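# Coordinates in review
Each chain, written out:
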Amino acid sequence: MKPHVFVDRPLAPEVEQSLAAHCTLDIWTDGDTIPRDELHRRLSNAEGFLTAGRRIDAALLEAAPKLRAVSTISVGYNHFDIDAMKRFGVIGTHTPYVLDETVADLTFALMLGAARRVAELDHYVREGKWKRGDGEQLFGVDVHHAVLGIIGMGRIGEAVAKRARFGFDMTVQYYNRSRKPDAEQRYEATYAELDELLATSDFVVMLAPLTEETKDMIGREQFAKMKASAIYINVSRGATVDEDALIDALENGVIRGAGLDVYKQEPIDGSHPLLRFPNVLALPHIGSATTKTRIDMAKAAANNLIAALNGETPPYLVPEFRS
Ligand code: DGY
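Position numbers for residues start from 1 in each chain and track the written sequence from start to end. For a predicted model such as this one, the threshold for reporting local features is a pLDDT of at least 70, and the threshold for listing and counting side-chain atom pairs is 80 or more; totals across whole chains, interfaces and linings nevertheless cover every residue. Side-chain metrics rest on all non-hydrogen atoms present in the structure, leaving aside hydrogens and water.

On to the domain arrangement of the protein chain, then. Segmenting the protein chain into domains produces domain 1 (4-98 + 291-321) and domain 2 (100-282). Throughout the structure description, domain borders are defined by an automatic or database domain assignment. Computed from C-alpha coordinates alone, the two centres of domain 1 and domain 2 are separated by 31 Å. Every residue pair with non-hydrogen atoms within 4.5 Å of one another is taken to be in contact. Each side of the interface is counted separately: domain 1 has 7 residues, and domain 2 has 5 residues. For any pair of parts, buried area is found by adding up, for both, the accessible area (1.4 Å probe) each one loses once the two are put together. Buried area between domain 1 and domain 2, summed over both chains or domains, comes out near 560 Å², and the portion from carbon and sulfur atoms is 44%. Whenever Lys or Arg places a side-chain nitrogen within 4 Å of a carboxyl oxygen from Asp or Glu, that contact is recorded as a salt bridge. Linking domain 1 to domain 2 there are 0 salt bridges. In protein, a polar contact requires one atom able to donate a hydrogen and another able to accept it; more generally it is a pair of N or O atoms within 3.5 Å, and residues adjacent in sequence count only if both atoms are side-chain atoms. Linking domain 1 with domain 2 are 3 residue pairs in polar contact (both at pLDDT 80 or more), by the criterion used here. Here the side of domain 1 that touches domain 2 is built from residues that sort into 4 nonpolar, 3 polar and no charged. Amino acids outside the nonpolar list (Ala, Val, Leu, Ile, Met, Phe, Trp, Tyr, Cys, Pro) and the charged list (Asp, Glu, Lys, Arg) are all regarded as polar, and Gly is one of them.

Below you can see the structure in the form of structure tokens.
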């Protein structure tokens, strides 16, 4: 008998077909996020769950006694309660690699957009405020030849470093749990301790995954160490930064601006204080959101789930579940 799988969103037809060849499928097609009670009901007979970012905790696992594997369409898996999953004998998979270049592009979009005030000045034109030539009030700062500080030199960090070094002649420095001699050589990047990186970078880019160690990693103390001209970019997870500290830093001119794709609470409320600042470029968590990359991610997630339910080691088993 084919294993039963619940999917909490519609997928590209070819991905649904490939899953349907191996599993019986129940797909939530409602558009809105599935309510918790309904999710628990749908999971009561599922052996596999394919999602993107849904919190997997003890309450969900209790409601899903047959569940064997959860496959997320994301590289980040901070929404997995790993201890609870292990207790319930459920493994987790994710989708690294396929999104690296796409997220690096978005990182650069935020850097360029924040530095050259792209969204702010788009509004300026649309609102009919462009009356004369381009006065100083429209000036921004250069990205080319600036110093880039990358926090978290994983694969996405390296894709950002490549663009920075070879496309924009930037000086690249990075902070990471471990040194990356190959990346240092490839991108002429230098390793810096966090305080040094914060004090000397024109752009501080957060790419480290959210873990107990990186939670609130950037707070008041860290903003105070940055240059007053620095731009802070977050493409990782909102909880890596203390948002109140970021608001204070923006309010008091401690840093120049920010480019954000992620927030503590998503979707961020339209009245959130972070959105009052014209020098904050805010995007709705679209790091990997191109059609091709999202299809590739869904394919990878489907392959992970099929392998897991066949009793094979999935291609991208989350490291914590590797024996
Ligand atoms: C991920 O895959 O974790 C990204 O945040 C998606 O944009």
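In these notes, residues near a molecule or strand are those with any non-hydrogen atom within 4 Å of it. Neighbouring residues of the ligand: Ser74, Val75, Gly76, Leu99, Arg237, His285, Gly287, Ser288 and Met297. At 2.9 Å from an oxygen atom of the ligand is found a main-chain nitrogen or oxygen belonging to Gly76. Accessible surface area values rest on a Shrake-Rupley calculation with a 1.4 Å probe, where residue burial reflects the displayed protein chains alone. Within the complex, the protein chains bury 91% of what would otherwise be the 230 Å² of accessible surface of the ligand.

Stacked, edge-to-face and tilted are the three classes for Phe, Tyr and Trp ring pairs, Trp counted by its six-membered ring, which pair at centre distances within 6.5 Å; planes under 30 degrees apart are stacked, over 60 edge-to-face, the rest tilted. Tallying each qualifying case throughout the model produces 8 aromatic pairs. Centre to centre, the rings of Tyr174 and Tyr191 are 5.3 Å apart; their planes meet at 80°, and the pair counts as edge-to-face. With a gap of 17 residues between them, Tyr174 in strand S7 (residues 171-175) and Tyr191 in strand S8 (residues 190-191) connect regions that are remote in the sequence. Judged by centre distance (5.5 Å) and plane angle (80°), the ring pair of Phe223 and Tyr232 falls under edge-to-face. Comparing Phe223 with Tyr232, the two get one shared label, buried. One aromatic cluster is present, built from ring pairs that chain together Tyr174, Tyr175 and Tyr191. Here, a charge over a ring means that NZ of Lys or CZ of Arg falls within 6 Å of the ring centre while also lying within 35 degrees of the ring normal. The ring of Tyr97 carries Arg155 above its face, with NZ or CZ at 4.2 Å from the centroid. Secondary structure follows DSSP: runs of H or I at least 4 residues long count as helices, runs of E at least 2 residues long count as strands, and numbering of each begins at the N terminus. The classification of residues rests on relative accessible area computed with a 1.4 Å probe and restricted to protein chains. Under 20% of the type maximum is buried, over 50% is exposed, and intermediate values are partly exposed.

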